[in-house]
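Chains, contacts and geometry: an overview
The lines below spell out each chain.
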Amino acid sequence: MINRTSIIKQPDKISFFNDVYKLQKEYQDGLISGKSNMNLIWLGEHQLCYTLGRGSNKSNLLFSSDEHDVYKIDRGGEVTCHMPGQLVTYLVLDLNDYNKDLNWYLRKIEKIIIKVLRSFNIDCAAKHGFTGVWIGERKIASIGIGCKRWVTIHGFSINVNCQLQNFNKIIPCGIEGCLMANLTDYNKNLDVNEVKKIVKKIIQEEFNFNFVSE
Amino acid sequence: MSHEIFMPALSSTMTEGKIVEWLKNPGDKVERGESVLVVESDKADMDVESFQDGYLAAVLMPAGSTAPVGETIGLIVENEDEIAPIQEQNKGKHTEGSSSDQLELPNKNSEIKEEKQNEFPQIKEQVVEVRKEKVLTPSNEIQLNASTSNNSSRVIASPKAKKLASTMGVDLAKVHGSGPHGRIQADDVLKANGQPVSIPWIGEGSSPASIASPSAHVQDESKSETLGTSFGKPGETVQFNTLQKAVNKNMESSLNVPCFRVGYSIDTDKLDNFYKKVKQNGVTMTALLVKAVAKTLKKHPQVNSSFSENGISYPENINIAVAVAMEDGGLITPVLKEPCNTDLFELSREWKDLVKRSRAKQLEPDEYSTGTFTLSNLGMFGVDRFDAILPPGTGAILAIASSKPTVVANNDGSISVKKIMQVNLTADHRVIYGADGASFLKDLSSLIENEPEKLVS
């Protein structure tokens, strides 16, 4: 039977990266081993930290690694940065119940982000060859996915009203000269909670979920 | 008993994947379901697991390399004492496995996928040789699993040949190999399938110019041999091939069209800089020029029009045909449809695909006959200027020459050196008048000179 049930977690306080990473791993292991049939959607914010994909090039980090928290994690893509004011969404999803196709999944996530932004009347687009979502030449959302036996981990982040200068210490996604943007640059009234509601709604529509709170 | 680890397909469109990291070293024990390596496609990573309890005996493709889907990238054995013979056979390959320094291998660009495959032919060939050895030495303890022996026990073939054979349905056992020790090459498979072997030389303009490095753009070595040769020997008369006959007919029909020419000099400094930036993302100069022309045509529908018995015909679409020379004579004009509706990166991808399929002579009629405007680029040969002959059914064709450093007198009386590219429009005067052509060129020039970044979308 196709499982379309997902636990949703959306803490109001800032979460430590490692705690949420462990949580994702638990759900991923549960789905892989068949002990659980619950997908997980997590929406929240992290304290300032930098994460590297497994194939990342360390030269994209422009500081020495003891200066900030740096995590090397099991996702694709290059270095990125998380901080308060940025909405992070993780999806631990069993693609066996959807489409065993990571390209499909990445495009689906881009579509979700674009729908979220369009609901705030912000015009944005995906760029072929540059996974993520862009407003003109500025990057507003970053994507990084890991997958084991078609169960996904990690997800995407949308800059809402965060300190973008934290991105100056890295070459985001390995794209030199990459400019970042906040949603509040385009719509002053937005905050993380407002965006969170819409992300949740559109994820539910796009993946056809039944959300269950714990 | 050895088991192969294959490059998995992470998506339906994926043809090859990049090995990000080997999580196990050769000799390491692996359990069924345990992750052995990580493969990446775009921004998604996938753990590849062992389907077998045993030991990782050999890493055949190192971290950082790219392998076609289905390619054997590692070997797992069931017993510890099988590791040594396997490693012995794979000596000198990449059995060192996943030390972190291998992550530093150059690999970033997905656009160089095709070359990537060729970078490791040695390795793949050796894999095939290894299998052969296994079969020829029955005393060896290592048994082949059934699928392996079916594919390659008696046949020595290059990976490309195998791939071709499987896509074309050619039985490799019946193919005569022309390579060393009778090894079957890709050409042998093509021959066996009755396809022409020669790869047509395609005059794909990768740059408007590049006189600074004269040799850089004169194609690669294999192609340079064909430059300057003719289709026949001195004293011979060679019959036209079908394609040449078709081109002749088209060219002759232009004699009934009252054409005029109008030229323009365009400063390409900004365009060249922009091209340098986007090149690494797979953008081709042809796509940039097509995009610029299409965007300008949108503002000048008259230049996209053509003559018909009933009057001036304005097509519904803007479709840009680009002339491509074929090595065995004749030329073909693959069409980029509605470039205004496609972003630059997608357009470049489409163009590469069209060129590839032109080479293989696999274009559908609507892919070379639906152009509403034609581009002909001889920039890569360093020509100053030329004019093109109008193809039938269209109103205009643009001849693009090389972009060369030129001493320019500026409006304020100063002198500077700029890269200047001459373009020359040939148009049917029955539908396009001098002023139409001139104002089209003025806007095209302004777009290329001032706002090349607008060509992205």
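The notes below deal with the structure included here. (Residues numbered from 1 in each chain as written. Chains lettered and ligands numbered in written order. Predicted model: local features only at pLDDT ≥ 70, side-chain atom pairs only at ≥ 80, totals over all residues.)

**Topic: the environment of Phe373 of chain B**
Residues and elements named next belong to chain B.
- Of note, Phe373 is situated in strand S16 (residues 373–377).
- For Phe373, a count of 27 C-beta atoms within 10 Å puts it in the buried group.
- Sequence separation of Phe373 and Ile397 is 24 residues, and the distance between their C-alpha atoms is 5.9 Å.
- Once you skip the residues sitting within four places of it in the chain, Phe373 turns out to touch Val293, Leu297, Asn304, Ile320, Thr394 and Ala396. (Helix = DSSP H or I, 4+ residues; strand = E, 2+ residues; numbered from the N terminus. Buried ≥ 20, exposed ≤ 12 C-beta atoms within 10 Å, placed from the backbone. Contact = placed C-beta atoms within 7 Å.)

**Brief notes about unusual backbone geometry**
- The backbone of Asn121 of chain A shows a phi angle near 60 degrees, a positive value even though the residue is not glycine.
- Relative to the helices and strands, Asn121 of chain A resides in the loop between helix H2 (102–119) and strand S7 (125–127).

**A word on the sheet that holds strand S1 (residues 2–6) of chain B**
Residue and element names in this part refer to chain B.
- Taken together, four strands build an open sheet; the order of strands is S1-S8-S6-S3 and the sheet is antiparallel. Taken across any chain shown, the strands that pair with only one partner, and hence form the sheet edges, are S1 and strand S3 (29–30).
- Summarising the sheet, strand S6 (residues 54–59) and strand S8 (residues 72–77) pair through four bridges and their orientation is antiparallel. Paired with Leu56 across the strands is Ile76, a residue of S8. (Pairing = 2+ DSSP bridges.)

**Let's talk about the interface of chain A and chain B**
- Between chain A and chain B, the contact holds 24 residues from the first and 23 residues from the second.
- Mapped by element, the contributors of at least two residues to the side of chain A that touches chain B are H2 and strand S9 (138–148) of chain A.
- Element by element, the count of residues in the side of chain A that touches chain B is highest for S9 of chain A, at six residues.
- Among the residues making up the side of chain A that touches chain B, the classes are represented as seven nonpolar, ten polar and seven charged.
- Both S9 of chain A and strand S5 (residues 44–49) of chain B contribute to a ladder of four bridges, which runs parallel. Within S5 of chain B, the position partnered with Cys147 of chain A by the bridge is Met46 of chain B. (Nonpolar A, V, L, I, M, F, W, Y, C, P; charged D, E, K, R; others polar.)

**Some details on the sheet that holds strand S5 (residues 80–82) of chain A**
Residue and element names in this part refer to chain A.
- Within the open sheet, the three strands sit side by side as S4-S3-S5. Their pairing is mixed. Lying at the two open borders of the sheet, with one neighbouring strand each, are strand S4 (70–72) and S5. Neighbour-to-neighbour, the strand axes of the sheet open up by a mean angle of 30 degrees, direction not taken into account.
- As paired strands, strand S3 (residues 49–52) and S5 are joined by three bridges and run antiparallel to one another. Across the sheet, Cys49 pairs through a bridge with His82, a residue of S5. (Axes fitted to C-alpha atoms, helices over the stretch in contact; angles between N-to-C directions.)

**Observations regarding helix H10 (residues 285–299) of chain B**
All names here are of chain B.
- Between the first and last C-alpha of H10 there are 22 Å, a value that for 15 residues agrees with the 21 Å anticipated at 1.5 Å per step.
- Most of H10 sits out of view: twelve of its 15 residues are buried.
- Taken as a whole, H10 has its buried residues at Met285, Thr286, Ala287, Leu288, Leu289, Val290, Lys291, Ala292, Val293, Ala294, Thr296 and Leu297. (Expected span 1.5 Å × (residues − 1).)

**A closer look at the nonpolar core**
- The biggest cluster of nonpolar side chains holds 79 residues, and the ones touching the most others in it are Val92, Ile113 and Ile158 of chain A together with Val39 and Ala57 of chain B.
- It is H2 of chain A that contributes the most residues to this core, nine residues altogether.
- What Ile113 of chain A contacts, discounting residues up to four positions off in sequence, is Val133, Ala141, Phe156 and Ile158 of chain A.
- In terms of nonpolar packing, the next biggest core, distinct from the first, is built from 55 residues, Leu354, Leu375, Leu390 and Met421 of chain B among them. (Core = buried A, V, L, I, M, F, W, Y, C linked by C-beta atoms within 7 Å.)

**Brief notes about the environment of Leu183 of chain A**
Residues and elements named next belong to chain A.
- Topologically, Leu183 is positioned in the loop between strand S11 (179–180) and helix H3 (192–207).
- Using a count of 29 C-beta atoms within 10 Å as the deciding quantity, one classes Leu183 as buried.
- Sequence-distant contacts of Leu183, defined by excluding residues within four places in its chain, comprise Phe120, Ile122, Ile140, Ile158, Asn159, Val160, Leu190 and Val195.

**What about H3 of chain A?**
Residues and elements named next belong to chain A.
- In a regular helix each residue adds 1.5 Å, so 16 residues correspond to 22 Å; H3 covers 22 Å between its end C-alpha atoms and thus fits that length.
- Buried within H3 are the following residues: Val192, Val195, Lys196, Val199 and Ile203. Down the axis of H3, the buried side of the element spans an arc of 105 degrees, and every buried residue falls inside it. In H3, those exposed residues whose orientation departs by more than 90 degrees from the buried face are Asn193, Lys197 and Glu205.
- Residues of H3 that are buried sit in contact with strand S2 (39–44), strand S6 (86–92), H2 and strand S10 (151–159).
- Just beyond H3, the residue with positive phi is Asn208, at close to 55 degrees. (Arc of directions from axis to C-beta.)

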